[in-house]
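Fold and geometry: a report
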Amino acid sequence: MNKKDTEYFKNKLENEKSLLEAEIKTVGSPDPNNPRDFSATSNDMDIDNADENELADKLEELGDNKGILDSLERQLRDINAALDKIKNGTYGICEISGELIERDRLEANPAARTCIKHVKI
Ligand SMILES: [Zn+2]
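Described below are features of the structure shown in this document. It should be emphasised that the depicted structure is a prediction, and the values quoted were computed from it without experimental measurement.

1. Section: the packing of helix H1 (residues 3-27) against helix H2 (residues 52-88)
Closest axis-to-axis distance for the H1/H2 pair is 9 Å, and the angle between their directions is 155 degrees. Classified by the angle their axes make, H1 and H2 are roughly antiparallel. Note on packing geometry: the crossing formed by H1 with H2 is left-handed. Of the residues in H2, those in contact with Thr6, Phe9, Lys10, Leu13, Glu14, Glu16, Lys17, Leu20, Glu21, Glu23, Ile24 and Val27 of H1 are Asn65, Ile68, Leu69, Leu72, Glu73, Gln75, Leu76, Ile79, Asn80, Ala82, Leu83 and Ile86. Residue composition of the contact of H1 with H2, by class: 13 nonpolar, 4 polar and 7 charged.

Right under this line is the structure:
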């Protein structure tokens, strides 16, 4: 991959990264002990004064947010991994076969870790 292409995908990844980070803030709050980690939050959680139904709703909301958060965090990890590869000069190479990842595939998902043949299903 030439320098221009690498720059192009780097920009794409960085855009996606800031979008993801903004999205993560809407469903979670940063863990004060580990700023790279987030925990799911529920808006105005007030367990002491909630009745049983409210509490069930809140817990459900928290559970939903946790699921969304997990998937956003996974995407963010892939993006960070791809940005590391750009730094190391290994971006765009299939992690399984070492072949070049198809251009179309990178266009659709710049954080792709494998070529089309080796996508885990
Ligand atoms: Zn492959």
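2. Some remarks on the coordination of the zinc ion
Around the zinc ion, the donor atoms from the protein are Cys94 (SG), Ser97 (OG), Cys115 (SG) and His118 (ND1), and they sit 1.9 to 2.3 Å away. Considering all 4 donor atoms around the zinc ion, the spread of angles at the metal, 88 to 126 degrees, places the coordination shape in the tetrahedral class. On the accessibility criterion, Cys115 (1% relative accessible area) is buried.

3. Re the side chain of Arg105
Inspection of the secondary structure assignment puts Arg105 in helix H3 (residues 103-108). Of the side chains bearing the opposite charge, Glu102 lies closest to the buried Arg105, which forms no salt bridge; the N-O distance is 5.0 Å. Apart from residues lying up to four places away in sequence, Arg105 is in contact with Ala112, Arg113, Thr114, Cys115, Ile116 and Val119.

4. Digging into the pattern of salt bridges
Taken as a whole, this structure holds 10 salt bridges when the rule is applied. For Lys66, the salt bridge goes to Asp70, with nearest N and O atoms at 3.0 Å. You can see Lys66 and its partner Asp70 sitting in helix H2, 4 residues apart, about one turn around the helix. Exposure remark for Asp70: the relative accessible area of 29% places this residue in the partly exposed category. In this structure, the salt-bridge partner of Glu95 is Arg113, at a minimum N-O distance of 3.2 Å. Residue Glu95 is found in the loop between H2 and H3, and its partner Arg113 is found in the segment after H3; the two are separated by 18 residues along the sequence. Classification of Glu95 by relative accessible area gives partly exposed; the value is 42%. On the basis of relative accessible area, Arg113 is assigned to the partly exposed category, the value being 34%.

Scoring rules and cut-offs
Residues numbered from 1 in each chain as written. Predicted model: local features only at pLDDT ≥ 70, side-chain atom pairs only at ≥ 80, totals over all residues. Heavy atoms only, no water. Axes fitted to C-alpha atoms, helices over the stretch in contact; angles between N-to-C directions. Helix = DSSP H or I, 4+ residues; strand = E, 2+ residues; numbered from the N terminus. Parallel < 35°, antiparallel > 145°, perpendicular 65-115°, else oblique. Left-handed = near helix turned anticlockwise from the far one by under 90°. Contact = heavy atoms within 4.5 Å. Nonpolar A, V, L, I, M, F, W, Y, C, P; charged D, E, K, R; others polar. Donors = N, O, S within 2.8 Å, 3.2 Å for Na, K, Ca; no water. Tetrahedral: all angles 85-135°; square planar, octahedral: opposite > 155°, others 65-115°. Buried < 20%, exposed > 50% of the residue type's maximum accessible area, 1.4 Å probe, protein only. Lys, Arg positive; Asp, Glu negative; His and termini not counted. Salt bridge = Lys/Arg side-chain N within 4 Å of Asp/Glu carboxyl O.

By themselves, these are just geometric observations and shouldn't be taken as functional.
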